[in-house]
Amino acid sequence: QVQLVESGGGLVQPGGSLTLSCAASGGTFRAYTMGWFRQAPGKEREFVAGTTWNGGNAVYADNVKGRFTISRDNVNSTVWLQMNTLRPEDSAVYYCARGKYAYIRPTDADYNYWGQGTLVTVSS
């Protein structure tokens, strides 16, 4: 089946930047929306960003809007999340997911394939 593998997480100081990557294999990639979610310890998993199949549209959670950018490369079946001006509250395990539909949804029930996550820690 479809496999999604995230990479790029690590430790960064507040105000710094990281770029996360998600490599997809085992199924059709380009026809689906793709999204990023995150989950901090003791918290619910939350939507971060999503993009349509052609990368022409994007949706961001309010608390990352203006700081994060989602993009995709359908030829190489890869999705990125560029994160700038990172804050300690951005610390979480970040998950890549493939959506069920052509439109972007902010709920995890609307995504049917998930990676295992990559840890981002924002700390001095």
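Residues numbered from 1 in each chain as written. Predicted model: local features only at pLDDT ≥ 70, side-chain atom pairs only at ≥ 80, totals over all residues. Heavy atoms only, no water.

Visitor: Account for the pattern of salt bridges, with residues named and values stated.
Guide: Two side chains with opposite charge may pair up if their charged atoms get near one another. Tallied over the full model, the rule gives six salt bridges. For Arg45, the salt bridge identified is with Asp108, shortest N-O distance 3.5 Å. With a gap of 63 residues between them, Arg45 in the loop between strand E4 (34-39) and strand E5 (46-51) and Asp108 in the loop between strand E9 (92-99) and strand E10 (111-114) connect regions that are remote in the sequence. A relative accessible area of 31% places Arg45 in the partly exposed class. (Salt bridge = Lys/Arg side-chain N within 4 Å of Asp/Glu carboxyl O. Helix = DSSP H or I, 4+ residues; strand = E, 2+ residues; numbered from the N terminus. Buried < 20%, exposed > 50% of the residue type's maximum accessible area, 1.4 Å probe, protein only.)

Visitor: Before we move on, could you go through the nonpolar core and cite the residues and values that matter?
Guide: What tends to happen in soluble globular proteins is that the nonpolar side chains get buried as a cluster. Trp36, Val48, Phe68, Leu81, Met83 and Tyr94 are the most contacted members of the largest nonpolar core, which totals 26 residues. The element that contributes the greatest number of residues to this core is strand E3 (residues 18-25), accounting for four residues. Not counting residues within four places of it along the chain, the set of residues in contact with Leu81 comprises Leu18, Thr19, Leu20, Trp36, Val48, Ala49, Phe68, Thr69, Ile70 and Tyr94. The next biggest cluster of nonpolar side chains, apart from the first, holds five residues, and it includes Phe47, Ala97, Ile104 and Tyr111. (Core = buried A, V, L, I, M, F, W, Y, C linked by side-chain atoms within 4.5 Å. Contact = heavy atoms within 4.5 Å.)

Visitor: Tell me what's going on with the sheet that holds strand E1 (residues 3-7), and back it up with residues and numbers.
Guide: Paired through their backbone hydrogen bonds, the strands of a sheet run either parallel or antiparallel. If you walk across this open sheet you meet the four strands as E1-E3-E8-E7, and the pairing is antiparallel. With one partner strand each, in any of the chains shown, E1 and strand E7 (68-73) form the two edges of the open sheet. Mean inter-strand twist for the sheet, computed between neighbouring axes without regard to direction, equals 15°. Pairing between E3 and strand E8 (residues 78-83): six bridges, direction antiparallel. The residue of E8 that forms the bridge with Leu20 is Leu81. (Pairing = 2+ DSSP bridges. Axes fitted to C-alpha atoms, helices over the stretch in contact; angles between N-to-C directions.)

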